[in-house]
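Listed below are the residues making up each chain.
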Amino acid sequence: MLKSIKMTALNLDQLQQDPLIQTLQQYQPVFWFPPENVPLKQALQNVGLTRADIEDAEARLKRFAPFIAQVFPETQKQQGIIESDLVRIAQMQQLLSEQWKIPLQGQWWLKQDSHLPISGSIKARGGIYEVLAHAEKLALAAGLISLEDDYRKFDSDEFSAFFHNYQIAVGSTGNLGLSIGIMSAKLGFRVSVHMSADARQWKKDKLRSLGVNVVEYASDYGVAVEQGRKAAEADPNCFFIDDENSKTLFLGYAVAGLRLKQQLFERHQVVDAAHPLFVYLPCGVGGGSGGVSFGLKQAFGEHVHCIFAEPTHSPCMLLGVYTGLHDRISVNDIGLDNQTAADGLAVGRASGFVGRVMQGLIDGYYTLSDQSLYAFIGQLNQSEQIQLEPSAAAGFMGGYHTTAQTSYQQLHQFTPSQLANATHIIWATGGGMVPPEEMQRYLLQSQRLLT
Ligand SMILES: *Cc1c(COP(=O)(O)O)cnc(C)c1O
């Protein structure tokens, strides 16, 4: 880490001298990990949230489960619990092993948040959770409900009319807006989604069809969030969901980490000192990736390695953590354009909250090109018949880095047997709701690159 720059004012000249920054400036892929990290116990304390906070979020989701099952029939078979499958991807592992010409040991799995019910992305965790938490708070304060009640009460004209007095606003590159818009509209809230230029047309169309007020911006995510925040401040009955700072969102994501423990157990996958777990997470602003990682560290302690993936054009978290400047630096400051096909990751400035509190818990960071993303979605479609959006495929390259980079293995003193017994989870974050024509275009683009 650049100790001298850490926590001082942005010094661009000094930054330009740094070899890693120079590589970022050339849009070349990098893999970087902190040479030493604070002890786990202390790192967890630094977050300022506890395991009990995650359990509280889980309990809230359980209270709402009967309501969710009732209003979103696709969640009925899971009794209203919004959770994704964890599937083995042996063919893809084999295919990449041949392509990279290295043996990929252990077992590779795909965590299919890409196919989460209701909104088809990882945002169905944090985004929906925060809307529910807000709705519960309002209903409790108004005496409409008690914690012991059957929450199917939320599915009524009385509740809809009540929530119609309140507004919810959010800024988004697309998927967060989709999750929050769908859930808010279902409860009866008035809702405004401020969309950055990266947001796909079909997401805006879908939201408008639900009566959501979609405000479009010609600029990137940071501007959409700022404008959303301003519009919300003007209305005391408007609640702004702050993707850059919200602890509620963060906890909604963290639930996934605790739940993964049970999922691995059911699949007879052991995680302990002899069987390390590697998890590769696509990172945008950092809320989803950071929140899930916090849950994972609570669940698996030092046996889980959380590695963040970002596009070469938008490496905001790596830049923020590496320089120690966090949300005081953006990728534009070092001359990058923040233009990427990975719309879910097109974020120029990382969350100040996540980078600061999570840096001691994130084990590594890498960047990859849009070409690689397209190649992965094509290869996954071919080998496993699973379709992802470009952002969601960023995790695959992580398996290459932890396998091929001996420096990472040396830092953690892995033995050959540990590596052979490892579990690798590629966290697939979106794609389940992409319209078929749009998915065909992604796959065509992928074919062009592979042939
Ligand atoms: C939002 C998003 C991410 C990253 O989540 P952050 O909270 O921004 O780190 C990854 N993939 C997809 C598809 C997303 O929509």
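Residues numbered from 1 in each chain as written. Predicted model: local features only at pLDDT ≥ 70, side-chain atom pairs only at ≥ 80, totals over all residues. Heavy atoms only, no water.

In the annotation of an unreviewed UniProt entry, the entry for the chain reads Probable D-serine dehydratase, and the organism field reads Acinetobacter ursingii ANC 3649. In its Sequence similarities (unreviewed entry) section, UniProt records this for the chain: "Belongs to the serine/threonine dehydratase family. DsdA subfamily." (UniProt positions renumbered as here; feature names shortened; annotations may be inferred.)

K.L.:
Before we go on, may I ask you to explain empty space enclosed by the protein in this structure?
P.N.:
If a probe the size of a water molecule is rolled over the atoms, the empty space left behind becomes visible. A complete count under the given rule lists 3 cavities of 30 Å³ or more for this structure. Quantified by volume, the largest cavity comes out at close to 260 Å³. As for the largest cavity, its lining consists of 27 residues, of which Ile122, Lys123, Gly284, Gly344 and Leu345 are closest to the centre. Within the residue set of the lining of the largest cavity, elements represented by two or more residues are strand S4 (167-172), helix H8 (175-187) and helix H12 (287-300). (1 Å grid on protein atoms, 1.4 Å probe; cavity = no way out; pocket = protein on both sides within 12 Å on 5 of 7 lines; lining within 4 Å. Points joined across faces, edges and corners; volume = space filled by probe spheres on them. Helix = DSSP H or I, 4+ residues; strand = E, 2+ residues; numbered from the N terminus.)

K.L.:
Can you walk me through the domain arrangement of the chain in this structure?
P.N.:
Put simply, an interface is often sized by how much accessible area is lost when its parts join up. Each domain of the chain was delimited in the assignment, giving domain 1 (12-118 + 248-450) and domain 2 (122-242). Using only C-alpha atoms to locate each centre, domain 1 and domain 2 end up separated by 25 Å. On the side of domain 2, 35 residues touch domain 1, which itself brings 41 residues to the contact. For the pairing of domain 1 and domain 2, the buried interface totals around 3,600 Å² over both sides, and the portion due to carbon and sulfur atoms is 65%. Looking at the side of domain 1 facing domain 2, the largest losses of area belong to Phe64, Phe67 and Leu249, adding up to 19% of the total buried there. One can count 7 salt bridges joining domain 1 with domain 2. Lysine 203 is paired through a salt bridge with aspartate 343; the nearest N and O atoms lie 3.4 Å apart. In this structure, the connection of domain 1 to domain 2 is made through 14 residue pairs in polar contact (both at pLDDT 80 or more). Looking at the side of domain 1 that touches domain 2, the elements with two or more residues in it are helix H4 (51-71), helix H11 (247-266), H12 and helix H19 (436-450). Residue composition of the side of domain 1 that touches domain 2, grouped by class: 24 nonpolar, 8 polar and 9 charged. (Domains from an automatic or database assignment. Contact = heavy atoms within 4.5 Å. Buried area = accessible area lost by both parts, 1.4 Å probe. Salt bridge = Lys/Arg side-chain N within 4 Å of Asp/Glu carboxyl O. Polar contact = N/O pair within 3.5 Å; in protein donor to acceptor, adjacent residues only side chain to side chain. Nonpolar A, V, L, I, M, F, W, Y, C, P; charged D, E, K, R; others polar.)

K.L.:
What should I look at first to understand the layout of surface pockets in this one?
P.N.:
Space inside the largest pocket adds up to approximately 440 Å³. Here the lining of the largest pocket is composed, by residue class, of 11 nonpolar, 6 polar and 5 charged.

K.L.:
I tried to follow helix H10 (residues 221-233) on my own but got confused; where do I start?
P.N.:
Residue pairs three or four apart in sequence face the same way in an α-helix, which turns once every 3.6 residues. Counted at 1.5 Å a residue, the expected span for H10 with its 13 residues is 18 Å, and the 18 Å between its end C-alpha atoms agrees. Within the span of H10, buried status applies to Tyr221, Ala224, Val225, Gly228, Arg229 and Ala232. Projection of H10 onto a plane perpendicular to its axis shows the buried side chains occupying an angular sector of 135°, all on one side. Among the exposed residues of H10, those oriented more than 90 degrees off its buried face are Lys230 and Glu233. Those residues of H10 that are buried lie in contact with S4, strand S5 (190-195) and strand S7 (238-241). (Expected span 1.5 Å × (residues − 1). Buried < 20%, exposed > 50% of the residue type's maximum accessible area, 1.4 Å probe, protein only. Arc of directions from axis to C-beta.)

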